[in-house]
Amino acid sequence: MRPRERRESGEQDLFRSRLDQIIDTEHALVKLVRTIDWRFLEERFGEVYTDSPGQPPLPTRLMAGLAILKHTYDLSDEVLCERWVENPYYQYFCGEEFFQHRLVFDRSSLTRWRNRMGEERLQALIQESLSVATRTKAIKPSELSRVIVDTTVQPKNVMFPTDAKLLNRAREKLVRLAKLHGVDLRQSYARVGKFALIQHQRYAHAKQFKRANRLLKKLRTYLGRVIRDIGRKIEGNGGLEAAFAKLLALARRVREQQQRQRGPKVYSLHAPEVECIGKGKAHRPYEFGVKVSVATTLSHAKGGQFVTHVKSLPGNPYDGHTLETVIPDMEKLVGNTIARLLADRGYRGHNAPPDHKFRVFISGQKRGVTPSIKRELRRRSAVEPVIGHLKAEHRMGRNYLWYRQGDANNAVLAAAGYNFRRLIRWLSLLLRQILIAPFAEPSINPA
């Protein structure tokens, strides 16, 4: 290579390296702002607002942009507010025309907005992400008709439940509530209850289960005495009975439930909706949260593999019995008919709609499997890394939102954040190619 050619090649490499530093996610955010149809989101989210006297609602673009940024970059509400103040790209993404030096909203507005929208309206974020993907040619519309479906567990933000900790925690919460309302208890069992819990944990660790069970019975006795004492003290007082009703009902359930009983159990006092779900994993036999159905595209499109549908499934239903509701919801969201759906063996005996009975293919299936379908079945496991990204990078790994509504909202927002993360990556690659093209060496076209 001649010195001049070597120098030009070095300059091109230096330009590319500096370009990689300049073209980052912030520049792709600017491009994404101009691609998103904000008017569509305003129509969907504006349905819950009415023009009436009082404080005017915050702009829809601001709240929708904050929800996208939160789950795209795995930020808590507090960190999101801090970064919004100091990052002009975040403010531009949310519709601000001038740089703001302080928050124009309250942090609690994020919680109220999520609860007001609900799962059904938040699905519009996934719908718009897929629409942007088709407009930017990150994915072809035909690729949305073939999907992979699987279920996973969205863990709740609860500690690992044990009978001893639940009994002691229920007693502590009842004692604290009684003190708050001025109910004078005969005995709180604060010192002996704590000591009994410590001793139980030590005996259980040493596998001395007879001694541990004796202390477990003692903890159950302490809780029962506090429940009966409070019941006697608040009897006939309507206000106090209403204040203690929920916690007393939970405490009675915790005290009466047995290890191998059938039916719902209480695994957390602050999140009684938590369910114990076993997925057959050796490293994690049981997970505590809610089951979630995740659907992704079958083929790996230019912009990556996108999530087409997410839905929380409370009650821990059988995987195969979820297709009856998942497939119609998915077709309504995508705006396309599902031509082929691939699932694992947990979907055997499914109840898909009659029109889709022979479009569902399960791993290991022999009948009706052509060579092309056999090749596609090998890609069924491609949904697993997508679920891993949803949990590790988009806040599905631990759900901090309350109640079943929080479970549903968090799953939908995590999927929307994942899709927008793919779009930001795709737009940054397009922008890099556009800026590098003038400096590329001309190709010689031989005659």
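Structure: above.
Residues numbered from 1 in each chain as written. Predicted model: local features only at pLDDT ≥ 70, side-chain atom pairs only at ≥ 80, totals over all residues. Heavy atoms only, no water.

*Asks:* Explain the overall build of the protein to me, using residue names and the numbers behind them.
*Replies:* A count of helices and strands for the protein gives 15 helices and six strands. The principal-axis extents of the C-alpha atoms in the protein amount to approximately 100 × 65 × 55 Å. Going through the 447 residues of the protein one by one, you find that 46% of them count as buried. Taking as baseline every contact in the protein between residues at least 6 positions apart, the subset at least 24 positions apart corresponds to 71%. Computing the positive centroid from 79 side-chain charges and the negative centroid from 46, the protein places the two 10 Å apart. (Helix = DSSP H or I, 4+ residues; strand = E, 2+ residues; numbered from the N terminus. Buried < 20%, exposed > 50% of the residue type's maximum accessible area, 1.4 Å probe, protein only. Contact = heavy atoms within 4.5 Å. Lys, Arg positive; Asp, Glu negative; His and termini not counted. Charge placed at Lys NZ, Arg CZ, Asp CG, Glu CD.)

*Asks:* Provide a residue-level description of helix α3 (residues 38-45), including the pertinent values.
*Replies:* All of the buried residues along α3 are W38, F40, L41 and F45. Burial along α3 is one-sided: seen end-on, the buried residues are contained in an arc of 155 degrees. For α3, the exposed residues lying more than 90 degrees away from the buried face are R39 and E43. (Arc of directions from axis to C-beta.)

*Asks:* Tell me about the layout of surface pockets, and please be specific about residues and values.
*Replies:* Gaps left between atoms show up when a probe the size of a water molecule is rolled over them. Space inside the largest pocket adds up to approximately 1,200 Å³. Only α8 (163-180), α9 (190-205), α10 (209-234) and β2 (275-277) provide two or more residues apiece to the lining of the largest pocket. Among the elements that take part in the lining of the largest pocket, α10 stands out by supplying five residues, more than any other. Grouping the amino acids of the lining of the largest pocket by side-chain chemistry returns 17 nonpolar, eleven polar and ten charged. Reported here for the second largest pocket is a volume of approximately 450 Å³. Considering the residues around the second largest pocket, the lining is formed by 20 residues, among which Y49, Q55, P56, P57 and L58 are closest to the centre. If one sorts the elements of the lining of the second largest pocket by residue count, helix α7 (residues 108-135) sits on top with four residues. Looking at the lining of the second largest pocket, its residues break down into ten nonpolar, six polar and four charged. (1 Å grid on protein atoms, 1.4 Å probe; cavity = no way out; pocket = protein on both sides within 12 Å on 5 of 7 lines; lining within 4 Å. Points joined across faces, edges and corners; volume = space filled by probe spheres on them. Nonpolar A, V, L, I, M, F, W, Y, C, P; charged D, E, K, R; others polar.)

*Asks:* Which residues make up the pairing of strand β5 (residues 340-343), and what are the values?
*Replies:* Burial of the side chains of β5 extends over both faces: R340 and L342 are buried on one face and L341 and A343 on the other. In the sheet, strand β1 (residues 146-155) pairs with β5 via three bridges, with the strands oriented parallel. Paired with R146 across the bridge in β5 is R340. Bridging between β5 and strand β6 (residues 360-362) involves three bridges; their strand directions are parallel. Considered in β6, the bridge of L342 is made with F361. (Pairing = 2+ DSSP bridges.)

*Asks:* Describe the packing of aromatic side chains, naming the residues involved and giving the relevant values.
*Replies:* Under the definition given, this model contains eight aromatic pairs. Centroid distance Y189 to Y222: 4.8 Å. Interplanar angle 20 degrees. Geometry classified as stacked. Taken as a pair, Y189 in the loop between α8 and α9 and Y222 in helix α10 lie far apart in primary sequence, 33 residues in all. Overall, Y189 belongs to the buried group, its relative accessible area being 5%. Given a relative accessible area of 11%, Y222 falls into the buried group. An aromatic cluster is present here, built from F160, Y267 and F288 joined pairwise through their rings. (Phe/Tyr/Trp six-rings, centres within 6.5 Å; stacked < 30°, edge-to-face > 60°.)

*Asks:* Please set out the packing of α3 against helix α4 (residues 60-72) residue by residue, giving values where relevant.
*Replies:* Orientation of α3 relative to α4, taken along the N-to-C sense of each, is 100 degrees, at an axis distance of 10 Å. The pairing of α3 with α4 is recorded here as roughly perpendicular in orientation. Residue-level inspection shows W38, L41, E42 and F45 of α3 in contact with α4, the latter providing T60, R61, A64 and G65. When the residues that make up the contact of α3 with α4 are grouped by side-chain class, the tally is four nonpolar, two polar and two charged. (Axes fitted to C-alpha atoms, helices over the stretch in contact; angles between N-to-C directions. Parallel < 35°, antiparallel > 145°, perpendicular 65-115°, else oblique.)

*Asks:* So what's going on with the pattern of salt bridges? Residues and values would help.
*Replies:* It is possible for side chains of opposite charge to pair when their charged atoms get near one another. With the rule as written, the count across this model stands at 19 salt bridges. Here K281 ties to E287 by a salt bridge, and the two come within 3.6 Å at their closest N and O atoms. The class of K281 is partly exposed, set by a relative accessible area of 29%. Overall, the relative accessible area of 4% leaves E287 in the buried class. In this structure, the salt-bridge partner of E384 is R380, at a minimum N-O distance of 3.9 Å. (Salt bridge = Lys/Arg side-chain N within 4 Å of Asp/Glu carboxyl O.)

*Asks:* Outline the side chain of H71, listing residues and values.
*Replies:* Counting through the fold element by element, H71 comes out in helix α4. The residues contacting H71, other than those within four sequence positions of it, are E393, H394, R395, N410, L413, A414 and G417.

*Asks:* Can you break down a positive patch on the surface residue by residue, with the values?
*Replies:* A cluster of basic residues, R345, R348, K366, K374, R375 and R378, forms a positive patch on the protein surface. Mapping R348 onto the fold places it in the loop between β5 and β6. Given a relative accessible area of 53%, R348 falls into the exposed group. (Patch = residues over 30% accessible without salt bridge, like charges linked within 9 Å, V, L, I, M, F, W, Y side chains within 5 Å. Areas by Shrake-Rupley, 256 points an atom, 1.4 Å probe, with all protein chains shown as cover.)

*Asks:* Before we move on, could you go through the side chain of E273 and cite the residues and values that matter?
*Replies:* Within the secondary structure layout, E273 lies in the loop between α11 (238-256) and β2. In this structure E273 comes out as buried when scored by relative accessible area, which is 10%. One polar contact links E273 to K156, side chain to side chain, over a distance of 3.1 Å. Setting aside its immediate chain neighbours within four residues, E273 contacts K156, W402, Y403, R404 and D407. (Polar contact = N/O pair within 3.5 Å; in protein donor to acceptor, adjacent residues only side chain to side chain.)

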